Amino acid sequence: MGLFGGRKTVFVDADILVIGGGMAGCGATYESRYWGRDLKIVCVEKANIERSGAVAQGLYAINCYMGMQWGENQPEDHVRYARNDLMGLVREDLGYDIARHVDGTVHKFEEWGLPMMRDPKTGRYQREGKWQIMIHGESYKPIVAEAARKAATEVYNRIMVTHLLMDKGKANRVAGAVGFNVRTGDFHVFRAKAVIVAAGGASHIFKPRAVGEGMGRTWYAPWSSGSCYALPIQVGAKMTQMENRIVLTRFKDGYGPVGAYFLHLKTYTQNGYGEEYEKRWYEDTKALVGEYVDHHPVPTCLRNHALLKEVAAGRGPIRMVTKEAFQDPHKETVGWENFLGMTIGQAVVWASQNIDPKHVNPELTTSEPYVMGSHATCSGAWASGPEDYAPAEYQWGYNRMMTVDGLFGAGDTIGGTAHKFSSGSFTEGRIAAKAAVKYVMEKGKDEPQVSEKEYRDLEKAIYQPLENYRVGRNEIVAGTVSPSYLLPIHGLQRLEKIMDEYVGGISTNYMTNGVLLNRGLELLAMLKEDMSCMGAEDLHQLQRTWELHHRLLASESVAQHTLFREETRWPGYYYRGDHMKLDDENWHCFTLSRYDRNTGKWDMEKAPVYHIID
Ligand SMILES: Cc1cc2nc3c(=O)[nH]c(=O)nc-3n(C[C@H](O)[C@H](O)[C@H](O)COP(=O)(O)OP(=O)(O)OC[C@H]3O[C@@H](n4cnc5c(N)ncnc54)[C@H](O)[C@@H]3O)c2cc1C
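Residues numbered from 1 in each chain as written. Predicted model: local features only at pLDDT ≥ 70, side-chain atom pairs only at ≥ 80, totals over all residues. Heavy atoms only, no water.

> Whenever I open this one, the site of the ligand confuses me. Can you help?
Near the ligand, the surroundings consist of 31 residues, among which Glu-45, Ser-52, Ala-61, Ser-374 and Ser-422 are the closest. In the model, an oxygen atom of the ligand is placed 2.6 Å from a nitrogen or oxygen of the Ser-374 side chain. Taking Ser-422, its side chain carries an N or O atom lying 2.6 Å from an oxygen atom of the ligand. When the ligand sits alone it has 1,000 Å² of accessible area, and the protein chains cover 95% of it. Within the residue set of the shell around the ligand, elements represented by two or more residues are helix H1 (23–35), strand E3 (59–62), strand E6 (159–166) and helix H11 (421–443). Residues of the shell around the ligand, tallied by class, amount to 16 nonpolar, 12 polar and three charged. (Near = heavy atom within 4 Å. Polar contact = N/O pair within 3.5 Å; in protein donor to acceptor, adjacent residues only side chain to side chain. Areas by Shrake-Rupley, 256 points an atom, 1.4 Å probe, with all protein chains shown as cover. Helix = DSSP H or I, 4+ residues; strand = E, 2+ residues; numbered from the N terminus. Nonpolar A, V, L, I, M, F, W, Y, C, P; charged D, E, K, R; others polar.)

Now the structure itself:
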């Protein structure tokens, strides 16, 4: 089949369209069916929901479980915890809403066959930490996907969604989405009454530590290409806290998780000389962030800060002290199983580097920054809150609806709500779906209309890189560099370099300032101009091209937000060298942006943080 001649257009009508079948998308698909028995529920996913998203490899712990049935924690406690970790700035209404429902979600996972570990003495779920429970989770994602598959009218795998469609009549109302099948090349037009975006956060917008052949080895899944931000940004949805990128301290080279090690195995860290170092940086940190350094637990970013300072002072590497814990055979087993159930690569790295944690304390390092909304970070779309709990200013319609009519989000997509993790993301998908069904029911016959011109114009733009390549390749006799097109890998490396050097990546030790950010934005604008010259050799490269488009828009948003917030709120995640201190007087607020795709301009504003819980 010729890529152009034989391409079909497939039209799909849906009441609810869920974009991305990861944790939040599966939650949204499942719950849409519960409330919308007769509705047409469609889930569209660029991979295969069986093994897609950040949970594809499995997990060893569910990081958000209250344990209300045993009086372990209350939702209010979780809000306090997330607020503390994010240095005071979270959407407490949204966080509370997830926390009050998350236990019910976890109980469903168990019902569906997820093997949970139990404390042999109490019979309760085995706690790893205050919020985490341990699971045998290699098959976590297939189990969750099965529930979504059974609930959906149709699941479309292998379709990369590139753009949302807007209503012909109402400028601010969503009407569906378009994308292409990454295997057949068919063009897909989804017409929908409500859309739930659950397309995961962004890795590979900053240059990774592992480059060349190793560049796929990042902490965050390499396939998370920022679609959950780019899709809403393109249509003018307001975003929040996009500056709040996350940097993870993880085992070196394999990025293996440290949670079970710290919390369950009770391991701890030391500098290269076997010394405790966090206390040494107490005064230094206090001078930057004031009393936040005295909060318990110490916020994640501040722990990174101490590590970075210690290494910069020449006393690296930082090591995890595993030798003591691993003398206990049970702990040794847990330590290895922790990787085998979710990050096999770390076990392989240790084997290849002669690291047996029973005899050698392994090195830790900090990752390049990522953008996501569900981990210890809260970038994402600005969403309407729950009717019974959100302050009036945070409510303009339906729960989890963005500032675009009919457009909902969940998981990494929604901003201001850190620490939801896998279970909280699924829960938020359920919450968004319930509201989206209500929206569809209440709108009744008032349905959005798709413009043929809009999707035909998009179709042309989407496939243009194949044409650019077909024509431009005739100009080269050898190699991959052409005067007429840019390959996706070249564009990606250029993006990563700009973000790394100007927006606070690893090369500058996460440091940036207004001058750097402004120059970075100029360079991003030049890259954006060049995106019309992308060349794609095949459908795989076409997907890479559109992932790059999404990463680029998400990056621009990160740079704009970082420029707007004139303070260093999260040392250890990034530093504004020209505003090195936390500034509660001026910046105890959310940052909001709105992108205008016609002018390419960003409008920035502040929004108040309401502390609902004492
Ligand atoms: C390394 C790592 C370790 C973690 N460890 C834990 C843990 O131990 N415990 C825990 O509870 N949580 C953990 N989490 C958090 C958890 O994985 C996330 O909170 C959760 O997966 C977020 O759900 P989501 O649906 O927003 O994103 P994802 O689950 O990542 O799903 C996004 C989906 O969207 C699809 N998609 C993306 N772009 C498009 C597009 N353009 N078109 C169509 N589909 C698209 C993707 O293929 C994917 O299926 C971890 C996360 C990471 C990255």
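> Would you mind showing me how to read the packing of aromatic side chains here?
For the structure on display, the rule yields 36 aromatic pairs. Pairing Phe-251 with Trp-350 gives two aromatic rings, centres 5.1 Å apart and planes at 80°, and the pair type is edge-to-face. Taken together, the positions of Phe-251 in strand E10 (residues 249–251) and Trp-350 in helix H10 (residues 344–352) put the pair 99 residues apart, joining distant regions of the chain. The exposure class assigned to Trp-350 is buried, which follows from its relative accessible area of 1%. Taken together, the aromatic side chains of Phe-251, Tyr-261, Phe-326, Trp-336, Phe-339 and Trp-350 make up a single cluster linked through ring pairs. A cation over a ring is seen here: Arg-7 above Tyr-463, with NZ or CZ 3.5 Å from the ring centre. When the ring centre of Tyr-394 is taken as origin, the NZ or CZ atom of Arg-91, which lies over that ring, is 4.0 Å away. (Phe/Tyr/Trp six-rings, centres within 6.5 Å; stacked < 30°, edge-to-face > 60°. Buried < 20%, exposed > 50% of the residue type's maximum accessible area, 1.4 Å probe, protein only. Lys NZ or Arg CZ within 6 Å of the ring centre and 35° of its normal.)

> Would you mind going over a nonpolar patch on the surface with me for this structure?
Side chains of Leu-340, Ile-344 and Val-348 sit close together on the surface and give an oily, nonpolar patch of about 270 Å² of accessible area. Within the secondary structure, Ile-344 sits in helix H10. (Patch = residues over 30% accessible without salt bridge, like charges linked within 9 Å, V, L, I, M, F, W, Y side chains within 5 Å. Salt bridge = Lys/Arg side-chain N within 4 Å of Asp/Glu carboxyl O.)

> Is there a simple way to think about empty space enclosed by the protein in this case?
Rolled over the atoms, a probe with the dimensions of a water molecule shows which regions are left empty. In this structure the tally under the stated criterion is one cavity of 30 Å³ or more. Empty space within the largest cavity amounts to approximately 80 Å³. What lines the largest cavity is a set of 14 residues, and nearest its centre among them are His-78, Ala-82, Gly-95, Thr-417 and Ala-418. Per-element tally for the lining of the largest cavity: the top contributor is helix H3 (residues 92–111), with four residues. (1 Å grid on protein atoms, 1.4 Å probe; cavity = no way out; pocket = protein on both sides within 12 Å on 5 of 7 lines; lining within 4 Å. Points joined across faces, edges and corners; volume = space filled by probe spheres on them.)

> Help me out: how do you make sense of the pairing of strand E1 (residues 9–19) in this one?
For a regular strand, side chains alternate in direction, first toward one face of the sheet and then toward the other. Pairing analysis gives 10 bridges linking E1 to strand E8 (residues 187–197), with the strands arranged parallel. Directly across from Ile-19, in E8, lies its bridge partner Val-197. Bridge count between E1 and strand E2 (residues 41–44): four bridges; the pairing is parallel. Looking at the pairing, Ile-19 lines up with Val-44 of E2. (Pairing = 2+ DSSP bridges.)

> Can you help me understand the pattern of salt bridges in this one?
Oppositely charged side chains are able to pair whenever their charged atoms sit close together. Scanning the entire structure with this criterion turns up 51 salt bridges. For Lys-238, the salt bridge is made with Glu-605, and the minimal N-O distance between the two is 2.8 Å. Of this pair, Lys-238 sits in the loop between helix H5 (227–234) and strand E9 (239–240) while Glu-605 sits in strand E19 (residues 601–608), and the two are 367 residues apart along the sequence. Using a relative accessible area of 34% as the deciding quantity, one classes Glu-605 as partly exposed. Among the salt bridges present, the one from Arg-569 reaches Glu-567, with a minimum N-O distance of 2.8 Å. Connected through shared salt-bridge partners, Asp-97, Arg-100, Asp-388, Arg-400, Lys-420 and Glu-428 make up one network.

> Honestly, helix H8 (residues 300–312) in this entry has me stumped. Any pointers?
The periodicity of an α-helix, 3.6 residues per turn, causes residues three or four places apart in sequence to face the same way. Its 13 residues place the ends of H8 19 Å apart at the C-alpha level, agreeing with the 18 Å of an ideal helix rising 1.5 Å per residue. Regarding H8, the residues found buried are Cys-301, Leu-302, Asn-304, His-305, Ala-306, Leu-307, Leu-308 and Glu-310. For H8, the elements touching its buried residues are E10, helix H7 (282–289), strand E13 (364–366) and strand E17 (575–576). One or two positions beyond H8, positive phi appears at Gly-314, with a value near 90°. (Expected span 1.5 Å × (residues − 1). Contact = heavy atoms within 4.5 Å.)

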